[in-house]
Structures are given as structure tokens and as C-alpha cells.
Amino acid sequence: MRRLDKARQDPESTKAKTLEVARRVFGAYGYHGTTTRMIAKECGVDISTLYYHWGEKGDLYEAVVLDITER
């Protein structure tokens, strides 16, 4: 099961909340203008939590793009 599917299963989960924030931050600053620290801070989670749920920045960005295109 993909990380994105897990986030969709539980909209109240940390995984889903970080996806939502990442979508907003990437939308505002673009891929290169966004850091994982910005997303973690906005979510109120530690950077290691973000990496645990999504992996690298590119993985999270890919999930955001897939979430947008698949809906």
C-alpha cells in the first residue's frame, strides 16, 4: 500500500495532516522554495516525523502531485 493511500484512509492521521500542509506550502513556494523543515514546522511535528511518514522531500512532493491528479 502506498503512503498516499494510507494518508487517505485516515484523514486525522499525522500522515494526512502533513500531506495537507505540504500541498499548501509547495503551492505557495514551489518545490525549490520549500524545505522539509518549513513543512514540519507548519505541521508542528519534528523533522524526523516528517521523514518517517514520507521519506525524502521528492517523495512527499510526488505524493502531493498524485493526490491532486488522482482526485
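Residues numbered from 1 in each chain as written. Predicted model: local features only at pLDDT ≥ 70, side-chain atom pairs only at ≥ 80, totals over all residues. Heavy atoms only, no water.

## Observations regarding the packing of helix α3 (residues 36-43) against helix α4 (residues 47-54)
Then, number 1: Two elements in contact, α3 and α4, have axes separated by 9 Å at closest approach and are oriented at 105 degrees. By the angle between their directions, the pair α3 and α4 is classed as roughly perpendicular. Taking contact as the criterion, the partners of Thr 36, Arg 37, Ile 39 and Ala 40 in α3 are, on α4, Ile 47, Leu 50 and Tyr 51.
Then, number 2: Class assignment for the residues of the contact of α3 with α4 results in 5 nonpolar, 1 polar and 1 charged. (Axes fitted to C-alpha atoms, helices over the stretch in contact; angles between N-to-C directions. Helix = DSSP H or I, 4+ residues; strand = E, 2+ residues; numbered from the N terminus. Parallel < 35°, antiparallel > 145°, perpendicular 65-115°, else oblique. Contact = heavy atoms within 4.5 Å. Nonpolar A, V, L, I, M, F, W, Y, C, P; charged D, E, K, R; others polar.)

## Looking at the packing of aromatic side chains
Then, number 1: This structure, assessed with the given rule, holds 3 aromatic pairs.
Then, number 2: Taking the centre distance of 6.1 Å and the plane angle of 10 degrees together, the rings of Phe 26 and Tyr 31 count as stacked.
Then, number 3: Taken together, a centroid distance of 5.0 Å and an interplanar angle of 70 degrees make the contact between Tyr 31 and Tyr 61 edge-to-face. Within this pair, whereas Tyr 31 is found in helix α2 (residues 14-33), its partner Tyr 61 is found in helix α5 (residues 57-70), the two being separated by 30 residues in sequence.
Then, number 4: The exposure class assigned to Tyr 31 is partly exposed, which follows from its relative accessible area of 29%.
Then, number 5: Three or more aromatic residues link up through ring pairs in this structure, and these residues are Phe 26, Tyr 31 and Tyr 61.
Then, number 6: Sitting over the face of the ring of Tyr 31, Lys 57 holds its NZ or CZ atom 4.2 Å from the ring centroid. (Phe/Tyr/Trp six-rings, centres within 6.5 Å; stacked < 30°, edge-to-face > 60°. Buried < 20%, exposed > 50% of the residue type's maximum accessible area, 1.4 Å probe, protein only. Lys NZ or Arg CZ within 6 Å of the ring centre and 35° of its normal.)

## Let's talk about α4
Then, number 1: Those residues of α4 not exposed but buried are Ile 47, Leu 50, His 53 and Trp 54. Angular distribution of buried residues about the axis of α4 spans 130 degrees; they occupy a single face of the element.
Then, number 2: On its buried face, α4 is in contact with α1 (3-9), α2, α3 and α5.
Then, number 3: Looking one or two residues beyond α4, the residue adopting positive phi is Gly 55, at roughly 80 degrees. (Arc of directions from axis to C-beta.)

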